[in-house]
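Structure assessment
Okay, here's what each chain looks like letter by letter:
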Amino acid sequence: MMSALTETATAIGDKVSEVKETVEDIARSAGKKLDEARDETADRLHTAASSVRTTGRHGSEAIDRIAKGTAKKLDSAAEYVEECDFRGVLISLRQFSRRHLTGSLLAAAAIGFLAGSALRRTSHARSRAAVS
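Here's what I pulled together on the structure shown here. Computed from a prediction, not measured in an experiment: that's the story for all the values here.

Some words on the overall build of the chain
Along its length, the chain carries 4 helices and 0 strands. Secondary structure elements in the chain, listed N-terminal to C-terminal, are α-α-α-α. Relative to its length of 132 residues, the chain is extended, with a C-alpha radius of gyration of 25 Å against a globular reference of 14 Å. With respect to the three principal axes, the spread of C-alpha positions in the chain is 85 × 50 × 20 Å. For the chain, with 132 residues in total, the buried portion stands at 15%.

Focus on the pattern of salt bridges
According to the stated counting rule, one finds 2 salt bridges in the structure shown. One salt bridge connects Arg38 with Asp39, and the closest N-O pair in it is separated by 3.5 Å.

Focus on helix H2 (residues 61–83)
Residues spaced three or four apart along an α-helix face the same direction, because each turn holds 3.6 residues. Between its terminal C-alpha atoms H2 stretches 33 Å, which fits the 33 Å expected from 23 residues at 1.5 Å a residue. By the burial criterion, the buried members of H2 are Asp64, Ala67, Ala71, Leu74, Asp75, Ala78 and Val81.

With respect to the side chain of Ser104
Among the secondary structure elements, Ser104 is positioned in helix H4 (residues 101–131). Assessed through its relative accessible area of 18%, Ser104 is described here as buried. Among the polar contacts listed, one links the side chain of Ser104 to the backbone oxygen of Ser97, at a separation of 3.4 Å.

What to know about a negative patch on the surface
A contiguous patch of negative charge, built from Asp43, Glu79, Glu82 and Glu83, is present on the exposed surface. At 3 residues, the largest contribution of residues to the negative patch is made by H2. Mapped onto the fold, Glu79 is located in helix H2. Relative accessible area serves as the criterion here: at 41%, Glu79 is assigned to the partly exposed category.

Examining the side chain of Arg38
Structurally, the position occupied by Arg38 is in helix H1 (residues 2–57). If we ignore the near neighbours within four places in the chain, the residues touching Arg38 are Val81, Glu82, Cys84, Asp85 and Phe86.

The rules behind these values
- Sequence order sets the numbering: in each chain, residues are counted from 1 along the sequence as written.
- In keeping with the predicted nature of the model, local features appear solely for residues at pLDDT of at least 70, side-chain atom pairs appear and are counted solely at 80 or more, and the whole-chain, interface and lining totals rest on all residues.
- Where side-chain values are given, they derive from all heavy atoms of the structure, hydrogens and water being excluded.
- The helix count covers DSSP runs of H or I at least four residues long, the strand count covers runs of E at least two residues long, and both are numbered beginning at the N terminus.
- This radius of gyration counts C-alpha atoms alone. The globule rule is 2.2 Å times how many residues there are, raised to the power 0.38.
- Throughout, exposure labels follow a simple rule: accessible area from a 1.4 Å probe, protein chains only, divided by the maximum for the residue type, with under 20% read as buried, over 50% as exposed, and the rest as partly exposed.
- When a carboxyl oxygen of Asp or Glu lies within 4 Å of a side-chain nitrogen of Lys or Arg, that pair is called a salt bridge.
- Expected span of a helix, by definition, is 1.5 Å for each gap between consecutive residues, and there is one gap fewer than residues.
- A 3.5 Å cut-off defines polar contacts: any pair of N or O atoms within that distance qualifies, except that in protein one atom must be a possible hydrogen donor and the other a possible acceptor, and neighbouring residues in sequence count only when both atoms are side-chain atoms.
- Residues enter a patch when their relative accessible area is above 30% and they make no salt bridge; the linking distance is 9 Å between like charges and 5 Å between nonpolar side chains (Val, Leu, Ile, Met, Phe, Trp, Tyr).
- Method for areas: the Shrake-Rupley scheme with a 1.4 Å probe, in which residue coverage is limited to the protein chains shown.
- Charged-residue counts in this description rest on Lys and Arg as positive and Asp and Glu as negative, His and the chain ends being excluded.
- To locate a charge, take NZ of a lysine, CZ of an arginine, CG of an aspartate or CD of a glutamate.
- Should any heavy atoms of two residues lie within 4.5 Å, those residues are counted as being in contact.

Printed below as a string of structure tokens:
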């Protein structure tokens, strides 16, 4: 009886460790994607600001003032996006998940269930469309 309980506890510990590693891998991947998206968004905002300035110079003074104000706001938004630290958010999330392991595992299971359901529905819809 005791050995079966020990084996079960060991198996659960192994599964928790696997889930933890998977969650960390997902967090790292998400962090990289967020950094890439942040950089791309900031670049596009700076490009839009430059375009607005160029267009404004070719217009009247009123358009030029509006263009400069808009370009300034776009540059500010780009700077905010550049300075936003998604890694810090991910580190905080990782610390939270370590402190609240049970809740984090339940949340991960729920997310997995929802993702699986969505994929199954999508797959089912595609197979229906292929038959039609």
